[in-house]
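For reference, the chains in residue letters:
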Amino acid sequence: MTDTLLLMLAIIQVFVIFIYAGPIMARHLLYISLKKNPKWAVEHANRTGYKIADKLFWWFSCLLAAGVGAAIIQYAVINPTPSYFYELALVPTLIWVFGLLLLTVYVYGYLLKVIPSPEVVKANLISRRLKDYVPLWIFYLAYGLLGLICLYYCYCYSQNLIDIDALNQSLSWTFIIGSITLITLFYSLRRKHSEFDIMFAESGRKYEVMVNIIGIYIMVFVALNKMLIDIHQIEIFSQSQMSLILGLSVNVFFMWMATHPKSKEIIAKYKLKYIS
Amino acid sequence: MEIEIDTQSSQAVYLQIVGQISRAVQDGNLKPGHTLPPVRQLANDLMINPNTVAKAYKQLEVARVVVGAGRRGTFIADGAKDYIEQNNKLDAKVELNNLMKTFQGRGLSGKEMRNLLFDQITHLKGVKP
C-alpha cells in the first residue's frame, strides 16, 4: 500500500513541483527581487540576467522531470523495484529545492547587486523579529530537541549501542537540516519583500514564519523517528512512510502557493512589467 | 506605517528618519509602546548604513520620543507626542529669537517686527489664529 502511494507521489511531484508549481515559485523569487527598484526594472526590461536565470531554472525543472520520469519507467515498469520508490518520491524534490536555493543565492548575491538603489526608498516601521511572530520558546524547543537527539546519539555511541556510521550519518543529517532551516527562517525575516506579504497582506510574514517553524518541527519529528529506529529498533513510521509524509507536505505546500489567486497576479505582473 | 527617504535630498538621511517618525507619532500613526524595527532591519530595508539608523534612534531617544530597551528593542515612549510638541515649541522659540536678533541688528523696531509677524501668520494657510 505504502509503495503504491509512494509511486503515485513520485509521479505527482513531476507535475506539481517540476512542471507546474516549481517554475511559478522561481518566478515569484525573481519578481520579488525586482521590487528593489521597480522603476529601473521597467526601464531595463530587456536585461538578460533575469531571462537567463528564468530559462535556466525552467530547463533544470524539465530535466529533473524527465529524469524522474525515466527512473519511474525503469523501476516501476521495466524492472519493478519498490525499495527505490521512497527515494524516487523524495530525493528529486530535495534536488529541486537545492536548485531553488542556488537560484536564490544567484539572484540575491549577483543579480540584485546590478540593480541600483532608487532615489526614494520606502520602508515599513513594523518590527520583523522572530519574537514578533511566535513565542521564542517554540524556536528554542525545536533546536533544543535536535541538540538532545545529537547528544543521545553520542551517548549511545559511547555505550557501543550504535556504530560510527550511524553516528556520523545522524550528526551530519541533523547539522545540514538544522543549518538549512535556520538560514531559511532568518532569511524569511530579513528580506524586505516577500511573496507571502503580497498574498496575505499584513499577516503574510507571520504565515511565512509559521510555515518555516512547522518545517523545523517536521524535521525534528523525522530525526526523532530515525533515532528510535537506529537505537531502540522502535518503528513508529517506516522510512517509506516518512518519505510519504514529507513528500506530501512539500507537494501540498507548493500547490497551495502556486494556485493562490494572488500568485497568478504576481506572475502576470512580472511578465507584463519586467520581461520584454 | 511606512517612511520614505530621499537620498538626493539636501536634508541628512538620519534627520529625515527622525522627522518622519516624529510626525507619525504626532499624527497618531505610531502609538506609545509600538516597537520600532531593529536598526539592522530598517537599515537593510532603506538600503543605508546601520549607523545612520542608530544615529536617528539615538536622537529620538534624547528627545524622549523613543525608549531604547537594549535587546528588547526600541519603543515609542509614553507621552512622546507631548515631548515632540514641547521640543517643537522650544525649537520655534530659539529660531524666532535668532531671527528677531537679526532684524534688530538691521534696525527694525519691536512694533515693526510684531506687525510683520502677525501679517505673515494671517497669510499662512492652515495656522489657527
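Look a little higher up for the structure.
Residues numbered from 1 in each chain as written. Chains lettered and ligands numbered in written order. Predicted model: local features only at pLDDT ≥ 70, side-chain atom pairs only at ≥ 80, totals over all residues. Heavy atoms only, no water.

### A word on the overall build of chain B
- A count of helical and extended segments in chain B gives five helices and four strands.
- In summary, chain B has a C-alpha radius of gyration of 18 Å against a globular reference of 14 Å for 129 residues, an excess of more than 25%.
- Overall, the C-alpha framework of chain B stretches about 55 × 30 × 25 Å when taken along its three principal axes.
- Relative to its full complement of 129 residues, chain B shows a buried share of 27%.
- Long-range contacts, defined here as pairs at least 24 residues apart, represent 47% of the contacts in chain B between residues at least 6 apart. (Helix = DSSP H or I, 4+ residues; strand = E, 2+ residues; numbered from the N terminus. Rg over C-alpha atoms; globule rule 2.2 N^0.38 Å. Buried < 20%, exposed > 50% of the residue type's maximum accessible area, 1.4 Å probe, protein only. Contact = heavy atoms within 4.5 Å.)

### Section: a nonpolar patch on the surface
Residue and element names in this part refer to chain A.
- Taken together, the side chains of V97, F98, L101, L102, F175, I176 and I180 make up a nonpolar region of the molecular surface, amounting to roughly 660 Å² of accessible area.
- Within the residue set of the nonpolar patch, elements represented by two or more residues are α4 (85-114) and α6 (164-190).
- Among the structural elements, F175 can be located in helix α6.
- The class of F175 is exposed, set by a relative accessible area of 62%. (Patch = residues over 30% accessible without salt bridge, like charges linked within 9 Å, V, L, I, M, F, W, Y side chains within 5 Å. Areas by Shrake-Rupley, 256 points an atom, 1.4 Å probe, with all protein chains shown as cover. Salt bridge = Lys/Arg side-chain N within 4 Å of Asp/Glu carboxyl O.)

### Quick notes on the sheet that holds strand β2 (residues 35-36) of chain B
Residue and element names in this part refer to chain B.
- With respect to topology, three strands assemble into an open sheet ordered β2-β4-β3, the strand pairing being antiparallel. Two strands bound the open sheet, and with one partner strand each, they are β2 and β3 (66-68).
- As paired strands, β2 and strand β4 (residues 74-76) are joined by two bridges and run antiparallel to one another. Paired with T35 across the two strands is F75, which belongs to β4.
- Each of β2, β3 and β4 is contacted by helix α3 (residues 50-62), which is oriented at about 110° to β3, the strand it contacts most. (Pairing = 2+ DSSP bridges. Axes fitted to C-alpha atoms, helices over the stretch in contact; angles between N-to-C directions.)

### A few points about the nonpolar core
- One finds F18, Y50, W96, L103 and V107 of chain A to be the most contacted residues of the largest nonpolar core, which totals 47 residues.
- Among the secondary structure elements, those contributing two or more residues to this core are α1 (2-34), α2 (38-43), α3 (48-78), α4, α7 (195-200), α9 (239-259) and α10 (261-274) of chain A.
- For this core, the leading source of residues is α1 of chain A, giving 17 residues.
- Once residues lying within four places of it in the same chain are set aside, the contact partners of W96 of chain A are I17, F18, G22, M25, F57, F60, S61, L64 and F254 of chain A.
- Core analysis: the next-biggest nonpolar cluster, separate from the first, contains 27 residues, A123 of chain A together with I3, V53 and I84 of chain B among them. (Core = buried A, V, L, I, M, F, W, Y, C linked by side-chain atoms within 4.5 Å.)

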